[in-house]
There are 2 protein chains.
Amino acid sequence: MRTEAEYKALVENALEPQLRSLGRVPEKLMEAMLYSLLAGGKRLRPVLLLAACEMAGGTPEEALPFACALEMVHTYSLIHDDLPGMDNDDLRRGRPTSHKVFGEGLAILAGDGLLNAALELALKAALRMGDIRGIRAAELLARHAGVTGMIAGQTVDVTMEGSTPTEELVSYIHTHKTSDLLQAPMEMGLTLAGADPAPVELGRLYGEHLGIAFQIVDDLLDVTGDPALLGKRTGMDEQKLTWVALKGMDGARKDAEAHVDAALEAMKDLPWDTSFFENLARASLKRVY
Amino acid sequence: MRTEAEYKALVENALEPQLRSLGRVPEKLMEAMLYSLLAGGKRLRPVLLLAACEMAGGTPEEALPFACALEMVHTYSLIHDDLPGMDNDDLRRGRPTSHKVFGEGLAILAGDGLLNAALELALKAALRMGDIRGIRAAELLARHAGVTGMIAGQTVDVTMEGSTPTEELVSYIHTHKTSDLLQAPMEMGLTLAGADPAPVELGRLYGEHLGIAFQIVDDLLDVTGDPALLGKRTGMDEQKLTWVALKGMDGARKDAEAHVDAALEAMKDLPWDTSFFENLARASLKRVY
């Protein structure tokens with residue numbers, strides 16, 4: 001197993017070459033896609049994928065196109081989320097959002113382009129691998145990103161604004177909007193390593209609980225966080241269905257802890273050294289203390 | 001070989017079940033996706049795919065998920081094209097556009113959802129088939145729809161508005177914005193039938209020329225067409241780089257004919273009964289006479 005920083009470096013160095021490997025792309029489109037894709041961030045999703053793959057005996061280098069594809073899906077969702085017709089955000093990771101820099105039309109196309117590029121890269125990698133693992137990983141990506149996954153969560157988030165928050169509704173949004181893209185890397189990484197269905201399911205469960213914990217922590221930071229440190233405006237979620245609106249600050253903190261515990265529990269029965277994932281889950285709470 | 005109407009009926013009956021086969025989708029999202037997906041139209045792209053597959057000895061029923069996926073990609077591109085940040089159209093196929101009915105946020109998500117669903121369906125079908133043909137067909141779809149294909153054409157169309165039209169620029173837009181999604185069904189259908197690379201390339205060439213001819217005919221109809229018959233406003237493309245702006249009405253008509261001839265030429269060396277495709281190419285000109 002490598003360190004989080006090493007996996008992150010692998011991803012950072014591969015994102016642009018992977019996107020350019022698709023062929024000749026109009027300059028403005030490439031510029032807009034790279035502006036958002038190379039804006040930094042923790043690269044949590046691709047790091048999880050590479051680490052899960054290596055933990056189970058696979059090769060991170062073989063999993064790299066899938067890791068980059070996952071980060072592209074995450075990035076496209078941020079570009080489209082920030083659009084005036086959605087959250088209408090001006091700032092993301094401390095920089096103007098895509099539509100502020102490139103205009104709405106190109107921001108829409110850059111998002112479409114990154115989603116399409118992600119699945120194209122996964123398919124090309126699957127063709128090169130020549131066995132079932134690659135198609136399975138590509139299908140997992142499409143499923144978690146799709147209309148029963150992340151897009152489902154975004155839809156409920158957008159269409160339910162102003163509704164009375166219920167635990168069921170907020171939980172649905174968190175599970176799909178954030179947690180699906182954290183289940184995906186665990187399942188994809190383990191599948192690419194050739195793991196059996198049972199450990200793949202435990203990996204998925206870890207990702208699900210980690211994702212919900214992360215989203216609750218994000219909701220807490222939206223209330224307590226420093227805009228300068230977060231690189232975005234805070235207090236923006238007042239109209240939104242958040243865990244804090246539902247459970248209050250203390251209730252939200254407690255629930256985040258419970259989900260981290262459940263994530264740790266899922267790792268227990270895996271036959272590999274799971275310390276990387278345990279440390280990562282524990283660290284996710286530190287942001288709010 | 002079946003008739004165009006029979007292939008079309010196969011597609012019409014499969015679109016909604018295919019989309020619903022993905023699992024539980026939020027009601028509003030499903031409603032918005034189906035509103036655009038079931039708005040009618042010639043279903044030209046999926047019909048070409050099924051016909052190409054059957055011509056080369058394949059099974060249209062096996063190709064059906066890929067045909068529906070292609071129509072979903074086409075539909076998503078129309079939804080996003082119509083958005084205020086893009087062409088800002090109020091009417092499509094005689095009905096209010098998606099964002100007029102559902103609002104911008106949901107229209108963006110419905111487009112994202114259809115693109116994602118398309119590739120998810122293709123991947124699930126590839127997994128079921130269990131051989132290389134399905135992955136190849138899915139990769140062809142992603143490539144032609146993507147940042148070196150359709151999205152490239154849309155980008156140049158959006159970013160070059162108001163520029164002086166050159167033949168190179170207009171040709172690039174037509175080739176990618178329209179023609180890529182007509183190359184895709186020929187290559188996908190023949191690939192799914194297990195055809196060799198040489199006939200697949202001839203099929204692609206047919207689709208390329210048919211697509212350019214179609215786009216030129218569309219440009220002509222935007223000048224001469226009856227809005228009531230077309231189901232959309234005409235004269236909208238004045239700011240756009242069109243073949244008519246470049247070559248005049250007569251020049252555009254002549255070029256459309258030349259591309260139909262080239263499409264017919266590509267069919268000549270195929271070892272199958274190509275009359276379906278020849279008739280279709282010839283009929284494409286009738287709309288402007």
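Described below are features of the structure shown in this document. On a predicted model such as this, the values are computed, not experimentally measured, just so you know. (Residues numbered from 1 in each chain as written. Chains lettered and ligands numbered in written order. Predicted model: local features only at pLDDT ≥ 70, side-chain atom pairs only at ≥ 80, totals over all residues. Heavy atoms only, no water.)

### Looking at the packing of helix α4 (residues 60-82) of chain A against helix α9 (residues 167-192) of chain A
All names here are of chain A. Two elements in contact, α4 and α9, have axes whose closest approach is 10 Å; the angle formed by their N-to-C orientations is 170 degrees. Classified by the interaxial angle, the pair formed by α4 and α9 is roughly antiparallel. The residues of α9 that touch α4, namely those facing E62, A63, F66, L70, V73, H74 and D81, are K177, L181, A184, P185, M188 and L192. The class makeup of the residues in the contact of α4 with α9 is nine nonpolar, one polar and three charged. (Axes fitted to C-alpha atoms, helices over the stretch in contact; angles between N-to-C directions. Helix = DSSP H or I, 4+ residues; strand = E, 2+ residues; numbered from the N terminus. Parallel < 35°, antiparallel > 145°, perpendicular 65-115°, else oblique. Contact = heavy atoms within 4.5 Å. Nonpolar A, V, L, I, M, F, W, Y, C, P; charged D, E, K, R; others polar.)

### Remarks on the nonpolar core
Generally speaking, nonpolar side chains in soluble globular proteins are found buried as a group. Of all hydrophobic cores here, the largest spans 205 residues; its most connected members are L19, Y206 and F277 of chain A together with L19, Y206 and F277 of chain B. Setting aside its immediate chain neighbours within four residues, F277 of chain B contacts M1, L48, A51, A52, M55, M186, Y206 and M267 of chain B. (Core = buried A, V, L, I, M, F, W, Y, C linked by side-chain atoms within 4.5 Å. Buried < 20%, exposed > 50% of the residue type's maximum accessible area, 1.4 Å probe, protein only.)

### Concerning the interface of chain B and chain A
Between chain B and chain A, the residue contacts involve 47 residues of the former and 47 residues of the latter. With both chains or domains summed, chain B and chain A bury close to 4000 Å², and 75% of this area falls on carbon and sulfur atoms. Our count for the chain B to chain A interface comes out at two salt bridges. Of the charged contacts in the structure, one is a salt bridge between K124 of chain A and E139 of chain B, with a shortest N-O distance of 2.3 Å. For the pair chain B and chain A, the interface holds eight residue pairs in polar contact (both at pLDDT 80 or more). Those elements giving two or more residues to the side of chain B that touches chain A turn out to be α2 (27-37), α4 (60-82), α6 (104-129), α7 (132-145) and α8 (150-159) of chain B. Among the elements that line the side of chain B that touches chain A, the one with the most residues is α6 of chain B, at 15 residues. Grouping the amino acids of the side of chain B that touches chain A by side-chain chemistry returns 27 nonpolar, 11 polar and nine charged. (Buried area = accessible area lost by both parts, 1.4 Å probe. Salt bridge = Lys/Arg side-chain N within 4 Å of Asp/Glu carboxyl O. Polar contact = N/O pair within 3.5 Å; in protein donor to acceptor, adjacent residues only side chain to side chain.)

### A look at the packing of aromatic side chains
The final tally for this structure, using the stated rule, is eight aromatic pairs over all chains. With centroids separated by 5.6 Å and ring planes inclined at 85 degrees, the aromatic side chains of Y7 of chain B and F276 of chain B adopt a geometry described as edge-to-face. One end of the pair, Y7 of chain B, is in helix α1 (residues 4-20); the other, F276 of chain B, is in helix α13 (residues 275-286), and 269 residues separate them in sequence. When its relative accessible area of 0% is taken as the criterion, Y7 of chain B is described as buried. Its relative accessible area of 13% is what places F276 of chain B among the buried residues. Above the face of the Y35 of chain A ring, R95 of chain A is positioned so that its terminal group lies 3.9 Å from the ring centre. (Phe/Tyr/Trp six-rings, centres within 6.5 Å; stacked < 30°, edge-to-face > 60°. Lys NZ or Arg CZ within 6 Å of the ring centre and 35° of its normal.)

Any functional reading would require information beyond the geometric quantities listed.
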